[in-house]
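# Structural characterization, general
Okay, here's what each chain looks like letter by letter:
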Amino acid sequence: MNVLVTGGAGYIGSHAVRALIEAGHTPIVLDSLEHGHAASVGEAELILGNVLDHELVARACRQFSIEAVMHFAAYIEVGESMVDPIKYYANNTMSVLSLLKTMQENGVGKFIFSSTAATYGQSEKVPIAEDAPLAPINVYGHSKLIVEQVCSWLARQTEFGFIALRYFNAGGAHPDGTIGEDHNPESHLIPLVFQTALGKRKSISIFGDDYDTPDGTCVRDYIHVWDLAKAHVKAMEHLANGGASGAFNLGAGNGHSVREIIECARRASGAAIPAEIKPRRAGDPAVLVADPGRAFETFNWRPEISDLKSIVGSAWQWHSTHPDGYADAEL
Ligand code: UFG
């Protein structure tokens, strides 16, 4: 299929581009490069621009006979979303409405949407299944949930199919070591741990060690970015084969604490990685673990390399060979 990949120069988007190519599809990347990296797109076509640019998106749909859209382009900082909500509703919600309108006008009716575990908020039941209450506790999660709801109505009322993929914690890097995680600013645990291993930071902060978890630190469900990427292809093929629309968790189904991540990174890198206990970070649930059963059953997806050692090991391979991220990548 010919697939428009918005945000295809970002961390998860660039891995999905690779997965599409590997599966025999043709990705066309649309990215503003506000946060993305041209070097991550590889051999795929890259259109520089914003999803709000109606004419640009319409032209791309026609020129490349686009059959489906994978939408990754979004802001991702939970903390920032609480300080500047309009920035998030404008980019993560409003611009998607514009994109959906352009798609409809150009006869593109298949949509794979990057959603998030943040749509659940503080779920009382763990592991979290898709029918758990949707009660985001931050603007980021709400900005994504609105799009899911819009998509549900479109699927009911129009010729439109969508899959919303609720990511848990993406980590790791492509197994060939050529693309990986490079955010600016960086706020995610695994890259920050390795910046510490590389001596770029003095220590890694542990945000709270008094949670009601086995070692007192937050537990998350880490999913290898390459497994995550391949799920997008499966989801799209499911839609193309007439499968039903809906929302799906993407997680490995087991949880690891902050301390476990740091310990695993110490083993992978051989570095001491000093850690300091800091106060809890606002908005962090104690435990987030997916029940990924629906994706298993519906589009036959299974995480293959999402054991902690593989995730952290591949992240170390990327960070140790690209200590300055894409600034080190060969263009
Ligand atoms: N953490 C630290 N120290 C750090 C950074 C993170 O202790 O320096 C902890 C966090 O408190 C959290 C865990 O490590 O308990 C993971 O934090 P990340 O920032 O790596 O990831 P989050 O779980 O906060 O965020 C992820 C996605 C978001 C998404 C969110 C949904 O990256 O995009 O899940 O809950 F919104």
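Right above here is the structure, for reference.
Now for a quick tour of the structure. Sequence order as written defines residue numbering, which begins from 1 separately in each chain. Thresholds applied to this predicted model are a pLDDT of at least 70 for local features of residues and 80 or more for the giving and counting of side-chain atom pairs; totals over whole chains, interfaces and linings are not thresholded and use all residues. Hydrogen atoms and water are omitted, and side-chain values are computed over all heavy atoms in the structure.

## Description of the sheet that holds strand 3 (residues 45-48)
Strand pairing requires that DSSP identify at least two bridges connecting the strands. Counting from the N terminus, the helices are DSSP H or I runs at least four residues long and the strands are E runs at least two residues long. Read across the sheet, seven strands follow the order 3-2-1-4-5-6-11 without closing on themselves; strand pairing throughout is parallel. Each edge of the open sheet is held by one strand with a lone partner, namely strand 3 and strand 11 (246-250). The sheet shows a mean angle of 20° between the axes of neighbouring strands, taken without regard to direction. Lying on the sheet, helix 5 (residues 139-157) is in contact with strand 5 (110-116), strand 6 (161-167) and strand 11; it crosses strand 5 at an angle near 155°. Interaxial angle, 0 to 180 degrees, is taken between N-to-C directions of lines fitted to C-alpha atoms, where a helix line uses only the stretch in contact. Only heavy atoms enter the contact rule, under which two residues are in contact if any of them lie within 4.5 Å.

## Points about unusual backbone geometry
In this structure, the amide linkage connecting Val126 to the following residue, Pro127, adopts the cis form with an omega of 0°. Its place among the elements puts Pro127 in the loop between strand 5 and helix 5. Pro185 follows Asn184 through a cis peptide bond whose omega is 0°. Here Pro185 lies in the loop between strand 7 (169-171) and helix 6 (189-197). Look at Ser65: it is not a glycine, yet its phi comes out positive at around 45°. Structurally, Ser65 can be placed in the loop between helix 2 (54-63) and strand 4 (68-71). Even without a glycine there, the phi angle at Ile273 is positive, about 50°.

## Things to note about the nonpolar core
The biggest cluster of nonpolar side chains holds 34 residues, and the ones touching the most others in it are Met70, Ile112, Leu165 and Leu250. Those elements giving two or more residues to this core turn out to be strand 1 (2-6), helix 1 (11-22), strand 4, strand 6, helix 7 (225-240), strand 11 and helix 9 (293-299). Looking at this core element by element, the count peaks at nine residues for helix 7. Take the buried Ala, Val, Leu, Ile, Met, Phe, Trp, Tyr and Cys residues and link them wherever side-chain atoms come within 4.5 Å; each set so joined is a nonpolar core. Only protein chains enter the calculation, and the probe is 1.4 Å; a residue is then buried if its accessible area is under 20% of its type maximum, exposed if over 50%, and partly exposed in between.

## Side note on the sheet that holds strand 12 (residues 256-257)
One open sheet holds the three strands; their spatial order is 12-9-14, and the pairing between them is mixed. Two strands bound the open sheet, and with one partner strand each, they are strand 12 and strand 14 (287-288). In this structure, strand 9 (residues 219-220) lies alongside strand 12, joined through two bridges in antiparallel fashion. The partner of Val219 across the bridge, within strand 12, is Ser257.

## Some points on the pairing of strand 6
Looking along a regular strand, one sees side chains alternate from face to face of the sheet. Among the seven residues of strand 6, seven are classified as buried, and the element is accordingly described as predominantly covered. The two faces of strand 6 match: Gly161, Ile163, Leu165 and Tyr167 on one face and Phe162, Ala164 and Arg166 on the other face are all buried. Examined bridge by bridge, strand 5 and strand 6 share seven bridges and lie parallel to one another. Within strand 6, the position partnered with Phe111 by the bridge is Phe162. For crossovers, right-handed means that the path from the first strand over the helix to the second runs clockwise, given strands pointing away from the viewer. Traced from strand 5 through helix 5 to strand 6, the parallel crossover comes out right-handed. Here five bridges tie strand 6 to strand 11, and the two strands are oriented parallel to one another. For Arg166, the partnering residue across the bridge sits in strand 11 and is Asn249.

Such coordinate-based values are descriptive only and should not be taken to indicate function.
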